[in-house]
Amino acid sequence: MIGARRILRAMSRAGLLAAAGGLLATTVAGCGAGQGATAHEAAHRPAAPPTAWQRTLNQIKPDGKVSTGTALAAFALAIGPVPGARPPAGRAQPIASGTLAVQWVFQHWSALTHRQRDAVLADLGASGAKTKLTSLIRRRVKAAGPDIPCLTADAGPAGPYRAQVAGIESDIASHMGDGPFPPDVYIAVNTRQLEGNSKMYTYGCQGTAPVSDGPVSGCTIHVNPAVSAGSFPAGDVHDFLIHEFTHCYLFAKLGGAYGQMPSWYVEGAPMWAMSVLGNGSGLESSYWLTYLDTPDAPLFSRAYTAIGYFAHLAETGTDVWHRLIPMGEAILAGGNDAGWQAAHPTADFLDSWGPGYAEGRYPGAAWQTGGPNLPAYQGPVPQQSVADGQTVTVSAPATAVGISHVDLDAQVVQFVSSAGASGRISLDGGGDVTLDQAAATAYATGSQASCPSGSADAGASLARISSGQHYVGVTGGLQAASVQVEGTSLASYCAQKTTASCVVGNWTTTRIQVTVPGKFTEAGGAGVTMHISADGATGIDFGAMSPIDVSATTFTASYVFGGQVTGTLVLPKSASAGGRFDLTAAPGSPLDYSSLTATVHVTSPASLTIGPLSISELAGQMGAGASTVPTSPAGEGTWTCSGNTLINYGPPSLPGYGTWTWTRTG
C-alpha cells in the first residue's frame, strides 16, 4: 500500500494546496522617504549603428524562425558567398561561431536551388549536393582533410586545442550535471577560412555525416585560420572553445534536432556558458552591449544576445546549468513557450527584469543587470513626463521588457498595470515597490497628501512620492504587458469614488479554478463566505466550503479548508475599470489564520484521508515536499472588482494558486 507521506509529497510536487498560500493578498507596499531619483542620467555610450551581422540577427521572427533569405544572408556573412544571398548593409563584426548560419541554411535546404546548394557545399569544403540533408556529404574532398565537416580523428595542428579539451569537458559536464561529456569530439584546424569572419564552428555528427535529427555519435569543432593564425590572445581562444564544446554537449544530449532549435537557445546558452566559465572576451562584451541597448527585443527573436536572459535567470536564483537540458527537451516537445516555462522563471526574475536595464542608475540590486564578465555600460533609457490630466504608457512586448524614466509633474500619480504585468517602480531614498504593490496606491507629489474637507473623499490619505523623475520597469513574461502612469490634480482625485465602494460587502466563492498543463487541474471550492467592512475589518469563514476536486497525472483527490481568518485590510483608494489592486493587511493588525485547517481525501491510487490539520502541521507531514504549502497562508496575488464579481489572482510564482471567483451576496 502506498504510504500517506509518499502521497502527500506527490501532491505537493503537483502543486496541490498551493492555493492555501494565496487566499488573501497582504503584501504590504512600503513607501520610502527622501529625495527622488536624480534627473541627471549617468553617462552612457550612444548606441552605435547595428552591424551587418546584427541587422541579420534582427530579422529573427518572434517565434525564433528565419526566412530562407535571412538564412542565406547569414551564411554569406559568416561563411561564404551564395548566389541570391543579400546580406544587409552595415559595418563588419567578428563572428565567434558560424554554427548558427550553417544550421539555418540546413533548415532551409529543400528551398535552395541546386546552384545555391553547390555553393554552400563548396564554402563548407565539400561537394556532391543531394536533395536530402542526411545525404549532404557523401563524397569528401580529401580522405582525412581537416576542412571536412565531420571527422573521426583530429586533423591539422590540433595539439594546442586538444590540450584544453579535458578541462573544458570536465567543467561543462560537472556544471550541467547530466552525465559525462560525450567521448567523440574531434578538432579540425582548417587549412582555409571556410566560414567568412567566424572563428570556430561545430557540427553534430553521426560518423562522417552531419545530422539534423536523431542521435549524434559526436561532433567536430572546426578552428578557422582567423584563430589558428594567432590573431587572438590565448584567453579568447579558450573562451571560443568553451562556446563550441557547449554546442557539442547539447548536441549529445538533445540529438541532431538541437541544430534546428530556436536561435535564442542554440546560441544564447553557449554564449552564457562561455561567459561563466571563460575569461571574458571582447566579442562577448559586444553582445552584452547589444542586449543592454535593446530591452524591447523579444527573447525568441534573439540569438547571441540571449546571454542576458540566461544571466538574469541565474542572478535571480535559477540554477541555469541544471535547467538547460530540461529547457531544450521542452522546446523540442512544445516550442518556445514550453522552453520558457521549463526555465521556471521566478517572481524575482519577472519583477527585476525590466528594472535591471537601468544599470545602476537607481540603488538596489533590482536596478542593476548582473552577469559574468558584464562590461561597465549603461544603455539608453527612454524619458517621458506626466502632468495633471495626462497618461503615459510604458510597454513591453511578449518575452521582452519596457523601461522608462518618467518625470512626475502631476499632483497625484497612479500606476495601473495590465493583467499579468510584473516589474518595479522607483520611489524615494533608494526605496521601490513592485507593480502589484503599487496597484492600489495613489501617490501625492506635493506637500498635501490627504483629501481636503468638503471633497467626496475628505480625510483620505495618499502615499508620498517626490516630483521629478522615477524609473518604471515592466514585463509580462510570455505575454505583452504595460503600465499606465496616470496623472491628475488633487481636487479631481478627491472627487472620485473609492474602489472600496466595490470591495465592501458580503461575498461568497462560486468557483476556485487551477490548471497547470501537463500536471494537474483543480476545480470547486464554492461556499466560502467573506465580509469586508468599510473600515477594512474582514472575516472569512470556510465552514460551508465545498470540496476542491484535484485531477493529477499520478493521483486524484479533493480537499477543503476549515476555520476562519480575521483581520483588517487597507482598502484600495481607486483602480481603473478591471485594473488589478492589492488588499494589504493594515499596520498593526495582521491577519489571524491560526484556526485555519485543511482536510485532504485521496481517492487514487489509494483511499486515504488526511486531516483536519493546521496548515503548518500539513506542511510538516509533507516534509521536504512541502515547498508549495506555506505555513502562513496569506499574502499573495492581486484582485479585480467589477459590479458583483470579485476575483483573486495568484502570483506567477505560485502556479498552483489559480483564481478565486467571488459573487456579492449582500
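Everything below is about the structure shown above.
One structure accompanies this document, and this report is about it. All values reported here derive from a predicted model rather than from experimental measurement. (Residues numbered from 1 in each chain as written. Predicted model: local features only at pLDDT ≥ 70, side-chain atom pairs only at ≥ 80, totals over all residues. Heavy atoms only, no water.)

### A closer look at the overall build of the protein
Defined as follows: Segments assigned H or I by DSSP are reported as helices when at least four residues long, segments assigned E as strands when at least two residues long, and all are numbered from the N terminus. Burial classes follow relative accessibility: with a 1.4 Å probe on protein chains only, a residue under 20% of its type's maximum area counts as buried, one over 50% as exposed, and anything between as partly exposed. Residues count as neighbours in contact if any of their non-hydrogen atoms are within 4.5 Å of one another. For the accessible areas, the method is Shrake-Rupley and the probe is 1.4 Å, while residue cover comes only from the protein chains on display.
From N to C terminus, the protein includes 19 helices and 30 strands. Within the protein, buried positions represent 56% of all 666 residues. Nonlocal contacts in the protein, meaning residues at least 24 apart in sequence, comprise 69% of its contacts between residues at least 6 apart. As displayed, the protein has an accessible area near 24,500 Å², and 53% of this comes from carbon and sulfur atoms.

### A closer look at the packing of helix α6 (residues 159-176) against helix α8 (residues 234-254)
To keep it simple, the criterion reads: Note on method: axes are straight lines fitted to C-alpha atoms, helices fitted across the in-contact stretch only, with angles between N-to-C directions ranging 0 to 180 degrees. Any angle between 65 and 115 degrees counts as roughly perpendicular, while under 35 counts as roughly parallel, over 145 as roughly antiparallel, and the rest as oblique. Left-handed describes a crossing whose near helix is turned anticlockwise from the far helix through less than a right angle; right-handed describes the clockwise counterpart. Gly is placed with the polar residues, together with every amino acid not listed as nonpolar (Ala, Val, Leu, Ile, Met, Phe, Trp, Tyr, Cys and Pro) or charged (Asp, Glu, Lys and Arg).
At a minimum axis separation of 10 Å, α6 and α8 run at an interaxial angle of 55°. The angle between α6 and α8 places the two elements in the oblique class. Judged by the twist between their axes, the crossing of α6 over α8 is right-handed. Residues Tyr161, Gln164, Val165, Ile168, Glu169, Ile172, Ala173 and Met176 of α6 lie in contact with α8, whose contacting residues are Val237, His238, Leu241, Ile242, Phe245, Thr246, Tyr249 and Leu250. Here the residues of the contact of α6 with α8 are counted per class, giving twelve nonpolar, three polar and one charged.

### Remarks on the packing of aromatic side chains
Definition in use: Only centres within 6.5 Å qualify two rings of Phe, Tyr or Trp (six-membered ring in Trp) as a pair; their planes then separate them into stacked at under 30 degrees, edge-to-face at over 60, and tilted for everything else.
Here the structure, examined in full by the defined rule, presents 29 aromatic pairs. Summarising the aromatic geometry, the rings of Tyr559 and Phe561 are spaced 5.7 Å apart at their centres and angled 70° between planes, so their arrangement reads as edge-to-face.

### As for the sheet that holds strand β12 (residues 422-426)
Note on sheets: strands pair through backbone hydrogen bonds, and any given pair is parallel or antiparallel. Threshold: Two strands make a pair as long as DSSP finds a minimum of two bridges between them.
A sheet is described by the order of its strands in space; here five strands give the open sequence β8-β10-β16-β12-β13, paired in mixed fashion. Two strands close off the open sheet at either side, each with one partner strand: β8 (383-386) and β13 (432-434). The average angle at which neighbouring strand axes cross in this sheet is 25°, direction not considered. Judged from the eight bridges that link them, strand β10 (residues 401-408) and strand β16 (residues 468-475) form a sheet pairing that is antiparallel. Looking at the pairing, Leu408 lines up with Gly468 of β16.

### Topic: empty space enclosed by the protein
For the record, the criterion: The method works on a 1 Å grid over the protein atoms by themselves. A cavity is a set of points holding a 1.4 Å probe that cannot get out, a pocket is an open set with protein on both sides within 12 Å along at least five of seven lines, and residues with an atom within 4 Å of a point line them. Grid points are joined across faces, edges and corners, and a volume is the space filled by probe spheres set on the points.
Taken as a whole, this structure holds three cavities of 30 Å³ or more when the rule is applied. What the largest cavity holds in volume is close to 80 Å³. As for the largest cavity, its lining consists of 13 residues, of which Gln103, Phe106, Gly204, Val211 and Phe251 are closest to the centre. Counting only elements with at least two residues in the lining of the largest cavity, the list comes to α4 (99-107) and β5 (198-206). Sort the elements by how many residues they give to the lining of the largest cavity and α4 lands first, with four residues. Classifying every residue of the lining of the largest cavity by side-chain character gives six nonpolar, seven polar and no charged.

### Concerning the nonpolar core
Keep this limit in mind: By nonpolar core we mean a set of buried residues, namely Ala, Val, Leu, Ile, Met, Phe, Trp, Tyr and Cys, connected to one another through side-chain atoms within 4.5 Å.
Within the largest apolar cluster, 109 residues are counted, with the highest numbers of intra-cluster contacts made by Trp264, Tyr265, Tyr309 and Phe310. In terms of residues, this core owes the most to one element, α8, which gives ten residues. Beyond its immediate chain neighbours, meaning those up to four positions away, Tyr265 contacts Leu250, Leu254, Tyr258, Pro270, Phe310, Leu324, Ile325, Met327, Gly328 and Ile331. Membership of the second largest hydrophobic core comes to 38 residues, among which are Cys502, Tyr559, Val600 and Ile610.

### What to know about the pattern of salt bridges
Stated precisely, the cut-off is as follows: Salt bridge, as applied in this entry: a Lys or Arg side-chain nitrogen positioned within 4 Å of an Asp or Glu carboxyl oxygen.
A full pass over the atoms with the stated rule returns three salt bridges. The closest approach of N and O atoms between Asp154 and Arg162, which form a salt bridge, is 2.8 Å. A salt bridge links Asp432 to Arg424, with the nearest nitrogen and oxygen atoms 3.1 Å apart.

### Describing the state of the cysteines
Operational definition: Throughout, a disulfide means two cysteine sulfur atoms within 2.5 Å of one another.
Evaluation of the coordinates by the stated rule reveals three disulfides. A disulfide bridge connects Cys150 with Cys205, and the sulfur atoms are separated by 2.0 Å. With the S-S bond torsion at -85°, the cross-link from Cys150 to Cys205 turns out left-handed. Of this pair, Cys150 sits in the loop between β3 (139-140) and α6 while Cys205 sits in strand β5, placing them 55 residues apart in sequence.

### Quick word on helix α12 (residues 307-315)
Burial analysis of α12 places seven of its nine residues in the buried class, the great majority of the element. For α12, the set of buried residues is Ile307, Gly308, Tyr309, Phe310, Ala311, His312 and Leu313. Against α9 (263-266), α10 (268-277), α11 (282-293), α13 (320-334), α14 (336-342) and α15 (347-353) lie the buried residues of α12. At the C-terminal side of α12, Gly317 shows a positive phi close to 105°.

### Focus on the sheet that holds strand β17 (residues 481-488)
Spatial strand order, β9-β17-β11-β14-β15: five strands in an open sheet with mixed pairing. Of all strands in the sheet, those bounded by a partner on one side alone are β9 (391-396) and β15 (463-464). Alignment of strand β14 (residues 442-444) against β15, held across two bridges, turns out to be parallel. Directly across from Tyr443, in β15, lies its bridge partner Ala463.

### Remarks on the pairing of β5
With respect to burial, β5 is a largely interior element, eight of its nine residues being buried. Of the pairings in the sheet, the one linking β5 to strand β6 (residues 209-210) comprises two bridges and is antiparallel in character. Note on β6: the bridge partner recorded for Gln206 is Ala209. Between β5 and the antiparallel strand that follows it, β6, lie two residues; Gly207 among them carries a positive phi value of about 70°.

### Brief notes about the side chain of Asp351
As a reminder, the rule being used: Within this scheme the basic residues Lys and Arg register as positive and the acidic residues Asp and Glu register as negative, but His and the chain ends are omitted.
Along the chain, Asp351 turns up in helix α15. Within the buried core, Asp351 has no salt-bridge partner, and the shortest N-O distance to an opposite charge, that of Arg424, equals 4.3 Å. Beyond its immediate chain neighbours, meaning those up to four positions away, Asp351 contacts Ser422, Gly423, Arg424 and Thr434.

### Things to note about the pairing of strand β23 (residues 556-562)
Most of β23 sits inside the fold, with five of its seven residues counted as buried. Direction of pairing for strand β22 (residues 548-552) relative to β23: antiparallel, over a ladder of four bridges. Note that in β23 the partner of Ser551 across the bridge is Thr556. Hairpin connection between β22 and β23: a loop of three residues separates the two successive antiparallel strands. With seven bridges connecting them, β23 and strand β26 (residues 597-604) associate as antiparallel partners. By the bridge assignment for β26, Ala557 is matched with Val602.

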